[in-house]
Each structure stands twice: as structure tokens, then as C-alpha cells.
Amino acid sequence: MVLKVFFPSCCSSAESGILIGRWISEQNSAVILAVVHFPFIPVQVKQYLSEVQRVTKVSVSVLGSWSHSKQEKEESLSEFLEDLGTIFSHEPWIQISKEGGSKFWSCSTLQKHSNNPKEEEIILVYYDQRKVMLSHLHPPLDTGTSTDHKADDASKLSAIFDTVAKSKILFMTDRYDDGPIKLTHWQSDGVEASIIVELMKQASVPACMLLTFLLSLISGICRSRVLKFWPLSFLWSKLSTCEQLGHRLQHLQVLSSNKKAETQTQLMRKANIFVSLLIDVALGILLMSWLYRKNRIGHLADTLIPMADHVAEELQDLLQWLMGAPAGLKMNRALDQVLGRFFLYHIHLWISYIHLMSPFIEMILWYVGLSACLGLTVALCILSDIIALLTFHIYCFYVYGARLYCLKIYGLSSLWRLFRGKKWNVLRQRVDSCSYDLDQLRLLVVVVQGLIHLLVDLIDSLPLYSIILRLCRSYRLAAGVKFRVLEQQDGKPLRLLMQINPLSYGSVVQTYRLPTYSCYPKDSWASLCKKLFLGELIYPWKHKGEKQD
């Protein structure tokens, strides 16, 4: 039977001592965690391991001996190391020895309490203890015929990763401690710490308490009965700005919560929310600083009115062309005049409204730019709502045209059933070609708003912290491991180097993507084209009773 010994590469230069770790009987494997140096008292070692086992819930024990002699190996030391197996009584007792500067080690096992001792083939697997402890092994995402086999391999690797990760308390003692036991592990030269991180942890406690109080106050106001009355409830549910503010409010509540993340997924979700919120606010401040430089808001307000006038002139020219003889086609003049004047009146009302609001446009844009300090997504949502309000007349045109077009479609279907098999009426094709202009105009507005909300959803849902972690420290997000065969020598155990396979970027996004919330319907392109063809209304918000794709 093959015995696998997972040995930390940081302990390869440790002084002689005993090996402590976990024995996994199901896999016939030994995970070495640290080396205890001479001199030591066995009773103190047992007490220390029992305390570690009580805290970590990992069955840590003495697995064998480690001999590192820079000169020739002494027989007295060899006998002493063998006698340690009777004191700690572990089966099998693993003996690993390294002589001088040789990279080929000797490894053997002793089974004193076994009636029929068997010679086992030993495989030495070197692993980076720091990377394995900090990494998180993800289960396989793909489904196929070998799913069960992959899941079995992942469970075996998970036992090794969990053993190292849960033994974190074992790595909190270094050589500068005055304790009776001296250990060698990945933090033996000094426990990693950061004064800045510790100061931020201390300062985050009162900041989180203050933030929690403010958020509870804002949540109480949002849940009050005042916002449940119409039209405040209607605006809160239909405006994307209100939806985004509520979404960010939930994010802040998650960050300020004093509940500790229990799983790796919850920890990554908090980190992704924090980084997403930080980048969103930073981009918003950059946008705000750009807007307030060189009077860009004034220039934007000055160009808004001529732009609106230009759009109105183009619409009026289009309507005048449709009221005449478009492309030389003979139209129903009475119906053309009624519909054309009806739409021209709407354009006149819209232009009058814009010119009435022109003295206040610069002030409105100034406050909109100031709202960018809440985040770039909030500014984009306000921009989307402004576009929706400024193009409300186009939506009215679309509603009128869609209703008339829908009635025409129903009439055509009735006539098709009535005159099936008879001559084709040319007037149907002529009328069909007149209603697509408003649909195309409305479709342009939908595409512009869709691009804005796509950018907002991208900022809200993209797991930026996980992507940065995958880019800078890919071993933290492990998809599996690979083994590289090292140089071999006859009579020596097989040596392998375990390396971590990082999770792919697509799997990172799929695993840690944040949920998004929007008041806008999420229809597919097929559904949009179907509604345009049948003359059904495309609502700019989620409509009750409407099935979303």
C-alpha cells in the first residue's frame, strides 16, 4: 500500500525533532504541520497538542521523527528517535532523515504493534504551507460523466487543505516566544502582522457603530408610512435612482454588521461589496471633480437647450413629411392631419416645458453632479431618470403608435381569416410601413437606457475584490492541485511537488458575482422584437402581472 506524506517545504532546513500533524486513515496519508525541536519534555508536548486539538477540532498528534544532520548520522541519535515511537505510540511511526546537503531523503516506517508489518511504498509530497493555509479550495463547477470522480478527488484534497487551514493557531508561535516548545513552520521566523491593519481594525469598531446607527435611522425612515402613500411609493418603485440607493443601503448594512462571516463565500461577498463600493465612490468623486472644473456644468447646460430644439425640429420635419406624401405614397389625408397635429401639439408642449425649465437647468445639473459623491452608479441612475423624463414625449408617441398599430394588427389578422386565399390588399403594406418610425425612435431610447443600466449592473455585480485577488494572489482561489515529479534516485522515496491550480477568471465571476436589483424589466431581445412586431407596449419599468424572461 502507498503511504503519502505531505511535508511542508519550509521545514526542510529545520533542526532534528519530532513531526506533528494529522493522520488521515481513509487516504493512508500523513499531513505534517510542524517540527518540534530538541530538547523537549514529552508530557508538555502532549499537553500542548491536546490544547491545540481542543481549539482547532483537528486530531493533531506526533506522527514520527525528523533527523537533519549536517554531518554523518550518529547511531545514538538514531536509536533515540526510534525510542520516541514507544513514548508517543503512533502507528505507523514515520522516520524522515536528511543527511548533509543532499536533496534525497530517507523515509521509512515502523510498526511495532503490528503482528504482520508490511513494507509500504512511500511518496513524499512537498507543499507550500503558507499558500495552502491561505487558499480556499473550490469544488468543481463543470458537470459531466466524471463529476463523481472529480468530487471524490476534491473531497480528498479538501481534507488536506482544511487540516492546514484549521491549524492556524499552531502557526502563531515563533522562535521568539519563551515557551517550553520550539516549533518550525512557515511563520517560525516571525508571525506576520501589520501595524496599519491593526490600527484600522481598532478604528473600524467605532466607525461601524456610528454607521450602523445612521443606517438604522435611514432604514426606519424608509420603512415609515410616509413613503407608502402615493405618489412617493410610485416614485420609489419606478425611479432607478431610488432602487440604486436602496441597493447601496443594503450593501452598507452588510458591511457594518457585527456578525462575523462564517464561510469563505460570505467573507468574499463582504470583501467584494466593500471593494465595489470603494471603487464606485472613487469613480464618482473623479466624475464630480471633472464636472466642477472649467465650468463644464455651465457649458453642458448651455448645450442642452439647443440640442432639445434640434431634436424637436427633426421630429417636426419627420411629422410634416409623414403628413404629406412620403416617398410618393398616397396616404389617408384626413387621418394624417389628425395624427400629425396631435403629435405636433405634444412636441410643442415638450419644447415649452424645456424652455420653462431652462433657468433652473444649470442648478439641477449642479446638484446632480454633487450626487456623484455617493457613487458613479448613483450618478448614472440619475442620468437615466433624466433621459427618461426628457424623452417622455417620445414614449407618449410610442404608446399612441403602438396602440394604433396593435389595433391594425388585430384588424389585419381578422381580414386575413376573412379573405384567406383571395387577392392581397396593398393598403395593408402601406400602413405597416408608417408605424415603425416611432418604434425605432423608442428603441433608440431603450438602447441608450439599457447601456446605462448595463454599466450600473456591471459595477454592482462584478466581484472586483475576487478578480484582483485572482490577479495578484492566484493561490488564494484554488481550483485544484497539480503534482510535479522531482529528481529521483534509486532506493529513495518518490518526491512530488504539490502546486495550486488557480480558479479561472470565468469561474471567479460565476462563483462570487453579486446579485443586482433593478426597477427596469429584463426582457430578452426576442421578447422586445416580438412586442414591437405585435404592437405590445414596452414599459420603462417592471409592470405588474408581466412575465419577465
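All of these numbers come straight from a predicted model, not from anything done at the bench.

1. Digging into the overall build of the protein chain
Scanning the protein chain for helices and strands turns up 17 helices and 11 strands. Within the protein chain, buried positions represent 39% of all 549 residues. Considering only contacts within the protein chain whose residues lie at least 6 apart along the sequence, 71% involve residues at least 24 apart. A total of about 32,400 Å² of accessible surface is found on the protein chain, and carbon and sulfur atoms cover 63% of it.

2. Some thoughts on the packing of helix α7 (residues 240-256) against helix α11 (residues 376-390)
At a minimum axis distance of 8 Å, the contact between α7 and α11 shows a crossing angle of 160 degrees. Put simply, α7 runs roughly antiparallel to α11. Considering the relative orientation of α7 and α11, their crossing is right-handed. The residues of α11 that touch α7, namely those facing Ser240, Thr241, Gln244, Leu245 and Arg248, are Thr377, Val378, Cys381, Ile382, Ser384 and Asp385. Its residues assigned to classes, the contact of α7 with α11 comprises four nonpolar, five polar and two charged.

3. Some words on α7
Three or four residues apart is the spacing at which side chains of an α-helix point the same way, because the helix has 3.6 residues per turn. Helix length check: α7, at 17 residues, gives a terminal C-alpha distance of 24 Å against a target of 24 Å (1.5 Å per residue), a fit within 8%. Among the residues of α7, Ser240, Thr241, Cys242, Gln244, Gly246, His247, Arg248, Leu249, His251 and Ser256 are the ones counted as buried.

4. Focus on unusual backbone geometry
With phi around 55 degrees, asparagine 28 is a residue other than glycine that occupies positive phi space. As for its position among the elements, asparagine 28 is in the loop between β2 (17-24) and β3 (29-37). A positive phi angle is found at lysine 294, which is not glycine, with a value near 55 degrees. The residue lysine 294 is located in the loop between α8 (264-291) and α9 (296-323) in this model. In this structure lysine 294 comes out as exposed when scored by relative accessible area, which is 70%.

5. Some words on the pattern of salt bridges
Across all of its chains, the model carries two salt bridges by this definition. Here glutamate 51 makes a salt bridge to arginine 54, at a shortest N to O gap of 2.4 Å. Of the two residues, glutamate 51 and arginine 54 are both situated in helix α1 (residues 42-56); the distance of three residues between them amounts to about one turn of the helix. When its relative accessible area of 39% is taken as the criterion, glutamate 51 is described as partly exposed. Of the charged contacts in the structure, one is a salt bridge between aspartate 280 and arginine 248, with a shortest N-O distance of 3.0 Å. Of this pair, aspartate 280 sits in helix α8 while arginine 248 sits in helix α7; the two residues are 32 residues apart in sequence, bridging distant segments of the chain.

6. Quick look at the pairing of strand β7 (residues 121-127)
Taking burial as the measure, the seven residues of β7 include six buried ones, the bulk of the element. In this structure, strand β1 (residues 2-8) lies alongside β7, joined through seven bridges in parallel fashion. Bridge assignment links phenylalanine 7 to a residue of β7, and that residue is tyrosine 126. The sheet contact formed by β7 and strand β11 (residues 494-502) spans four bridges and is parallel.

7. Some details on the pairing of β11
Where strand β10 (residues 477-485) meets β11, seven bridges bridge the pair, whose relative direction is antiparallel. Within β11, the position partnered with phenylalanine 483 by the bridge is methionine 498.

8. Details of the packing of aromatic side chains
In this structure the tally under the stated criterion is seven aromatic pairs. Here phenylalanine 7 and tryptophan 105 contribute two aromatic rings whose centre-to-centre distance is 5.2 Å and whose plane-to-plane angle is 80 degrees, an arrangement assigned as edge-to-face. In this pair, phenylalanine 7 is assigned in strand β1 and tryptophan 105 in the loop between β5 (93-99) and β6 (106-110), connecting sequence segments 98 residues apart. Note on tryptophan 105: relative accessible area 4%, which makes it buried. Relative to phenylalanine 343, the ring of phenylalanine 342 has its centre 5.8 Å away and its plane inclined at 55 degrees; by these criteria the two rings are tilted. On the basis of relative accessibility, which here comes to 8%, the residue phenylalanine 343 falls in the buried class. One aromatic cluster is present, formed by Phe7, Trp66, Trp105 and Tyr126 through successive ring pairs.

9. Here's the deal with the environment of glutamine 253
Relative to the helices and strands, glutamine 253 resides in helix α7. We classify glutamine 253 as partly exposed; its relative accessible area is 34%. Once the C-alpha coordinates of glutamine 253 and leucine 215 are considered, the two residues, 38 residues apart in sequence, prove to be 6.8 Å apart.

10. Quick word on the packing of α8 against helix α15 (residues 464-472)
Between α8 and α15, the shortest axis-to-axis distance is 6 Å and the interhelical angle comes to 100 degrees. Between α8 and α15, the angle is such that the two are roughly perpendicular. Mapping the contact onto sequence places Met268, Ala271, Asn272, Val275, Ser276 and Ile279 in α8 and Leu464, Tyr465, Ser466, Ile468 and Leu469 in α15. Of the residues assigned to the contact of α8 with α15, the class counts are eight nonpolar, three polar and no charged.

11. A short note on the confidence of the model for the protein chain
Residues of the protein chain with pLDDT of at least 70 account for 74%, and the chain-wide mean is 77. Every residue in residues 418-426 is under pLDDT 50, and counting partners more than four places away or in other chains gives three contacts. Contacts of residues 429-438 to residues separated by more than four positions or lying in other chains number 18 contacts, the stretch itself having pLDDT below 50.

12. With respect to the side chain of glutamine 244
Along the polypeptide, glutamine 244 turns up in helix α7. Residue glutamine 244 is classed as buried on the basis of its relative accessible area, which comes to 3%. In contact with glutamine 244, not counting residues within four places along its chain, are Thr377, Val378, Cys381, Val456 and Asp460.

13. Examining the side chain of lysine 98
By the element assignment, lysine 98 lies in strand β5. As a buried residue without a salt bridge, lysine 98 has its nearest oppositely charged side chain in glutamate 15, at a separation of 10 Å. Looking at lysine 98, its side chain comes within polar contact range of the main-chain oxygen of serine 12, at 3.2 Å.

14. Looking at the environment of histidine 251
With respect to the helices and strands, histidine 251 occurs in helix α7. With relative accessibility at 5%, the residue histidine 251 sits in the buried group. When the C-alpha atoms of histidine 251 and serine 276 are compared, they prove to be 9.8 Å apart, with 25 residues separating the residues in sequence.

15. Details of the state of the cysteines
Applying the stated criterion across every chain yields a total of zero disulfides. Cysteine cysteine 10 remains unbridged, with the sulfur of cysteine 11 as its closest cysteine sulfur at 4.1 Å. A relative accessible area of 27% means that cysteine 10 is categorised as partly exposed.

Criteria and cut-off values
- Residues numbered from 1 in each chain as written.
- Predicted model: local features only at pLDDT ≥ 70, side-chain atom pairs only at ≥ 80, totals over all residues.
- Heavy atoms only, no water.
- Helix = DSSP H or I, 4+ residues; strand = E, 2+ residues; numbered from the N terminus.
- Buried < 20%, exposed > 50% of the residue type's maximum accessible area, 1.4 Å probe, protein only.
- Contact = heavy atoms within 4.5 Å.
- Areas by Shrake-Rupley, 256 points an atom, 1.4 Å probe, with all protein chains shown as cover.
- Axes fitted to C-alpha atoms, helices over the stretch in contact; angles between N-to-C directions.
- Parallel < 35°, antiparallel > 145°, perpendicular 65-115°, else oblique.
- Left-handed = near helix turned anticlockwise from the far one by under 90°.
- Nonpolar A, V, L, I, M, F, W, Y, C, P; charged D, E, K, R; others polar.
- Expected span 1.5 Å × (residues − 1).
- Salt bridge = Lys/Arg side-chain N within 4 Å of Asp/Glu carboxyl O.
- Pairing = 2+ DSSP bridges.
- Phe/Tyr/Trp six-rings, centres within 6.5 Å; stacked < 30°, edge-to-face > 60°.
- pLDDT = per-residue confidence, 0-100.
- Lys, Arg positive; Asp, Glu negative; His and termini not counted.
- Polar contact = N/O pair within 3.5 Å; in protein donor to acceptor, adjacent residues only side chain to side chain.
- Disulfide = S-S within 2.5 Å.

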